[in-house]
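Single-letter residue listing:
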Amino acid sequence: MFVCHGDRDLTPDLHLHRLRDRLIARGVVPLKPLLWRWAYFRGLIGGHALQQCLATGLIRYRCLVFERTETQ
């Protein structure tokens, strides 16, 4: 059995909306239908989607600390 000893939200420590992210949102995302075939641009588009989910609170990064307890 495991007992949770810590639960910390790491999401506020992320650097969202950097200049690079804003440029991707303005340049790459509108061209998604044209650029989707190249893996590099798929990564940029997916990263932008992740940034949007983090910014709106749909996804959170958490650090959970568990300790194993002996059961008999």
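Everything below is about the structure shown above.
Below you will find a few notes about this structure. Small disclaimer: the values here were computed from a predicted structure and weren't measured.

Rules and cut-offs
- Residues numbered from 1 in each chain as written.
- Predicted model: local features only at pLDDT ≥ 70, side-chain atom pairs only at ≥ 80, totals over all residues.
- Heavy atoms only, no water.
- Helix = DSSP H or I, 4+ residues; strand = E, 2+ residues; numbered from the N terminus.
- Rg over C-alpha atoms; globule rule 2.2 N^0.38 Å.
- Buried < 20%, exposed > 50% of the residue type's maximum accessible area, 1.4 Å probe, protein only.
- Contact = heavy atoms within 4.5 Å.
- Core = buried A, V, L, I, M, F, W, Y, C linked by side-chain atoms within 4.5 Å.
- Phe/Tyr/Trp six-rings, centres within 6.5 Å; stacked < 30°, edge-to-face > 60°.
- Lys NZ or Arg CZ within 6 Å of the ring centre and 35° of its normal.
- Axes fitted to C-alpha atoms, helices over the stretch in contact; angles between N-to-C directions.
- Parallel < 35°, antiparallel > 145°, perpendicular 65-115°, else oblique.
- Left-handed = near helix turned anticlockwise from the far one by under 90°.
- Nonpolar A, V, L, I, M, F, W, Y, C, P; charged D, E, K, R; others polar.

What follows deals with the overall build of the protein chain. Helices and strands together make up the secondary structure of the protein chain, namely three helices and two strands. Reading the protein chain from its N terminus to its C terminus gives the helix and strand order β-α-α-α-β. Taking 2.2 N^0.38 as the reference for a compact globule, 72 residues should give roughly 11 Å; the C-alpha atoms of the protein chain span a radius of gyration of 18 Å, well beyond that estimate. For the protein chain, the C-alpha atoms occupy an extent of roughly 60 × 25 × 15 Å along the three principal directions. Counting every position in the protein chain, which comprises 72 residues, the buried fraction comes to 15%. In the protein chain, 74% of the contacts between residues at least 6 apart in sequence involve partners at least 24 apart.

Here we take up the nonpolar core. Counting residues in hydrophobic clusters, the biggest one holds five residues: Ile24, Val28, Leu35, Leu44 and Ile45. Ignoring any residue separated from it by four or fewer positions in sequence, one finds Val28 in contact with Leu23, Leu35, Phe41, Leu44 and Ile45.

Tallying each qualifying case throughout the model produces two aromatic pairs. One aromatic cluster is present, built from ring pairs that chain together Trp38, Tyr40 and Phe41. Residue placement shows Arg37 over the ring face of Trp38; its charged tip is 5.3 Å from the ring centre.

Along the chain, Gln51 turns up in helix H3 (residues 39–56). Dropping the residues within four chain positions of it, Gln51 is found in contact with Leu16, His17 and Asp21.

Below, the discussion takes up the packing of helix H1 (residues 19–27) against H3. Their axes nearest at 10 Å, the elements H1 and H3 cross at an angle of 115°. Classed by the angle they form, the pair H1 and H3 counts as roughly perpendicular. For the element pair H1 and H3, the recorded crossing hand is left-handed. Along the contact surface, H1 presents Arg20, Asp21, Ile24 and Ala25, while H3 presents Leu44, His48 and Gln51. Across the contact of H1 with H3, the residue classes tally to three nonpolar, two polar and two charged.

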